[in-house]
Amino acid sequence: MSDNQLKTKLDSAVDKGVRIYMDTPNTVGISIGIYKDGKAHTYNYGEVKKGTGKLPTADNFYNLGSVAKTFATTMLAEAVIEKKASLNDDIRKYLPGIYPNLQYNGQPIRLVNLANHTSGLPGQAHPFPKAIKDSLRKLTLPEQLHFYDVYRADSLLKDLHSLNPDTIPGTKFRYNGNGMMVLILLLERIYHEPYEQLVTHYLKTHLNMADTKTQIDIHSDRLAQGYNSNNQPQPFLNLTDYYNGPSMNSTINDMLKYIKANLAEQDPAIKLSHQLTWKNPDNTGVGLGWMMDVDYKGAPIIYHDGHTGIGFNTMCLFYPGKNLGYIVIVNDNIDQQRLTDLQTNIQKVLDK
């Protein structure tokens, strides 16, 4: 089941890629947005909820998983543009009290280190004992997340006194959701307002994105049903704690606006977020949150993928300078790599 009209080369390329993906057991639905040569295209396959026969749409809500990190880092870029902060600021400048531990050999953790995963901080701010973790595994996902939901900003501020970077900040890349939560905490202190209000105001006023927000109505009829890798439906939860990592919900149509803005680079914060701040030995790198790599032909790409335990996988990718970008979201948790393969398969057809 699909709304793909199969009239153009792009239509055929998408269909070929999706058919390969949908042949995998336990797939449910897939929504794709492609911004190409100044035009937005949307495609939907499968079901928004198993057994309903209802096709997903470009206006269904999905949780974006770790793609949410790019919004936090864009807000850091906006703070820099507004001269409220500098990328090289010592993070302790924005913390209450004294944190002598947040340095290594006299080198402080800087805001840019949080944004490009080189802070050296532990991946978790609060290391719960093994006995607690074992007991949590026996609980349902909502019960687990309710446990973490009591971990608030004051909890993170307290635990920061006990955290120590394990290397000189800025010298080692290690993907770190905890560092992103510290960044959100600092953004709230820089702007003196909750992150939800800060980011949604920016998205509405700068990018005309009204359907992208950290919290949504869980009873909305636009909400897609997520499924785990065993094809079991997962309850939708607004993730609001400071423990797991940033969260963001959006639609294909809104994310196409995000891709368009990132391709155009007319917004100063968007443009700054693409500045290379960390380079790996293999010449891949990181901007502010965004990952920088090349595709199967060696063409430069900027991307971030996302996975969430409540049943969604996401790939957001664009080609700088080529006026081409993809947003792909599925309401299953099969394998993130398969979304990368899906995008590659589409692009291979377009490149012929």
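## Quick notes on the pattern of salt bridges
At step 1: Applying the stated criterion to the full structure yields 7 salt bridges.
At step 2: When the shortest N-O distance is used, the salt bridge between Arg174 and Asp166 registers 2.8 Å.
At step 3: Residue classification places Arg174 among the partly exposed residues on the basis of a relative accessible area of 30%.
At step 4: In this structure Asp166 comes out as partly exposed when scored by relative accessible area, which is 41%.

## Some details on the sheet that holds strand β11 (residues 291-294)
Strand-to-strand pairing in sheets goes through backbone hydrogen bonds, with the strands running parallel or antiparallel.
At step 1: Here 8 strands make up an open sheet; going across it, the order is β2-β1-β14-β13-β12-β11-β10-β9 and the pairing antiparallel. On the outer flanks of this sheet lie β2 (39-46) and β9 (278-279), each paired with one strand and no other.
At step 2: Taken together, the 4 bridges between β11 and strand β12 (residues 300-308) define a ladder with antiparallel strand orientation. The residue bridging Met291 from the neighbouring strand is Tyr303, located in β12.

## Digging into the nonpolar core
At step 1: Phe71, Leu156, Leu186, Leu187 and Tyr195 are the most contacted members of the largest nonpolar core, which has 79 residues in total.
At step 2: Among the elements that make up this core, the one with the highest residue count is helix α7 (residues 177-191) (10 residues).
At step 3: If near-sequence neighbours (up to four positions away) are discounted, Phe71 is found in contact with Leu64, Tyr195, Val199, Leu203, Met209, Thr212, Met248, Met255 and Tyr258.
At step 4: Counting residues in each nonpolar core, the second largest holds 24 residues, with Ile30, Ile32, Tyr326 and Val330 among its members.

## Concerning helix α9 (residues 252-264)
At step 1: Its 13 residues place the ends of α9 18 Å apart at the C-alpha level, agreeing with the 18 Å of an ideal helix rising 1.5 Å per residue.
At step 2: Taken residue by residue, α9 has Ile252, Asp254, Met255, Leu256, Tyr258, Ile259, Ala261, Asn262 and Leu263 as its buried positions.
At step 3: With its phi angle positive at about 55°, Glu265 sits one or two positions after the end of α9.

## Brief notes about the packing of aromatic side chains
At step 1: Using the criterion set out here, one finds 5 aromatic pairs in the structure.
At step 2: Centroid distance Tyr62 to Phe312: 5.8 Å. Interplanar angle 90°. Geometry classified as edge-to-face. On the criterion of sequence distance, the pair formed by Tyr62 in strand β3 (residues 62-63) and Phe312 in strand β13 (residues 312-319) is long-range, its members being 250 residues apart.
At step 3: With relative accessibility at 1%, the residue Phe312 sits in the buried group.
At step 4: Where Tyr258 meets Trp290, the ring centres are 5.9 Å apart and the plane angle is 35°; that geometry is what we call tilted. Taken as a pair, Tyr258 in helix α9 and Trp290 in the loop between β10 (285-286) and β11 lie far apart in primary sequence, 32 residues in all.
At step 5: By relative accessible area, Tyr258 is classed as buried at 1%.
At step 6: Judged by its relative accessible area of 0%, Trp290 falls in the buried class.
At step 7: Aromatic ring contacts, followed pair by pair, group Phe71, Tyr258, Trp290 and Phe318 into a single cluster.

## Here's the deal with helix α2 (residues 68-81)
At step 1: Its 14 residues give α2 an end-to-end C-alpha distance of 20 Å, which sits within 8% of 20 Å, the value for a rise of 1.5 Å per residue.
At step 2: Following α2 by one or two positions, Lys83 has its phi on the positive side, about 60°.

## So, unusual backbone geometry
At step 1: Positive phi outside glycine occurs at His117, with the angle close to 65°.
At step 2: The backbone of Asn323 shows a phi angle near 55°, a positive value even though the residue is not glycine.
At step 3: Along the polypeptide, Asn323 turns up in the loop between β13 and β14 (324-330).

## Details of the packing of helix α6 (residues 153-160) against α7
At step 1: Two elements in contact, α6 and α7, have axes separated by 11 Å at closest approach and are oriented at 115°. In terms of axis orientation, α6 runs roughly perpendicular to α7. Pair α6 / α7 crosses with left-handed handedness. Contacts from Ala153, Leu156, Leu157 and Leu160 in α6 reach Asn178, Met181, Val182 and Leu185 in α7.
At step 2: The class makeup of the residues in the contact of α6 with α7 is 7 nonpolar, 1 polar and no charged.

## Description of the environment of Asp305
At step 1: Mapped onto the fold, Asp305 is located in strand β12.
At step 2: Relative accessible area serves as the criterion here: at 24%, Asp305 is assigned to the partly exposed category.
At step 3: When the C-alpha positions of Asp305 and Leu102 are compared, they lie 29 Å apart, and in sequence the two are 203 residues distant.
At step 4: With residues near it in sequence (within four places) discarded, Asp305 still touches Ser66, Val67, Thr314, Met315 and Gln336.

## A word on the pairing of β2
At step 1: As paired elements, strand β1 (residues 29-36) and β2 share 8 bridges and run antiparallel to each other. Residue pairing for β2: Tyr35 is matched across the bridge by Ala40.

## Things to note about the environment of Met292
At step 1: As for its placement among the helices and strands, Met292 is situated in strand β11.
At step 2: It is 30 Å that separates the C-alpha atoms of Met292 and Asp23, two residues lying 269 residues apart in sequence.
At step 3: Ignoring anything within four residues of it in the chain, the contact list for Met292 reads His274, Gln275, Leu276, Thr284, Gly285, Val286, Gly287, Ile301 and Ile302.

Criteria and thresholds
All residue numbers here refer to positions counted from 1 along the written sequence of the relevant chain. Totals for whole chains, interfaces and linings use all residues, but because this is a predicted model, local features are given only for residues with pLDDT of at least 70 and pairs of side-chain atoms are given and counted only at 80 or more. Side-chain metrics rest on all non-hydrogen atoms present in the structure, leaving aside hydrogens and water. For this analysis, a salt bridge means a side-chain nitrogen from Lys or Arg found within 4 Å of a carboxyl oxygen belonging to Asp or Glu. Buried means the residue's accessible area, taken with a 1.4 Å probe over protein chains only, is under 20% of the maximum for its type, while exposed means over 50%, and partly exposed covers the values in between. Only when DSSP finds a minimum of two bridges between them are two strands counted as paired. What counts as a helix is a DSSP run of H or I of at least four residues, what counts as a strand is a run of E of at least two, and both are numbered from the N terminus. Residues grouped as a nonpolar core are buried Ala, Val, Leu, Ile, Met, Phe, Trp, Tyr and Cys residues, joined through side-chain atoms within 4.5 Å. Contacts between residues were defined by any pair of non-hydrogen atoms, one from each residue, lying within 4.5 Å. Expected helix span is taken as 1.5 Å per residue step, with the number of steps being one fewer than the number of residues. Side-chain rings of Phe, Tyr and Trp (the six-membered ring for Trp) are treated as a pair once their centres are within 6.5 Å; stacked means planes under 30 degrees apart, edge-to-face means over 60, and tilted covers the remaining angles. Axis lines are fitted through C-alpha atoms, for helices just across the contact stretch, and the angle between N-to-C directions can take any value from 0 to 180 degrees. The cut-offs work like this: below 35 degrees is roughly parallel, past 145 is roughly antiparallel, 65 to 115 is roughly perpendicular, and the gaps in between are oblique. Handedness of a crossing follows from how the near helix is turned relative to the far one, being left-handed for an anticlockwise turn of less than a right angle and right-handed for a clockwise one. Nonpolar residues are Ala, Val, Leu, Ile, Met, Phe, Trp, Tyr, Cys and Pro. Charged residues are Asp, Glu, Lys and Arg, and all others, Gly as well, are polar.

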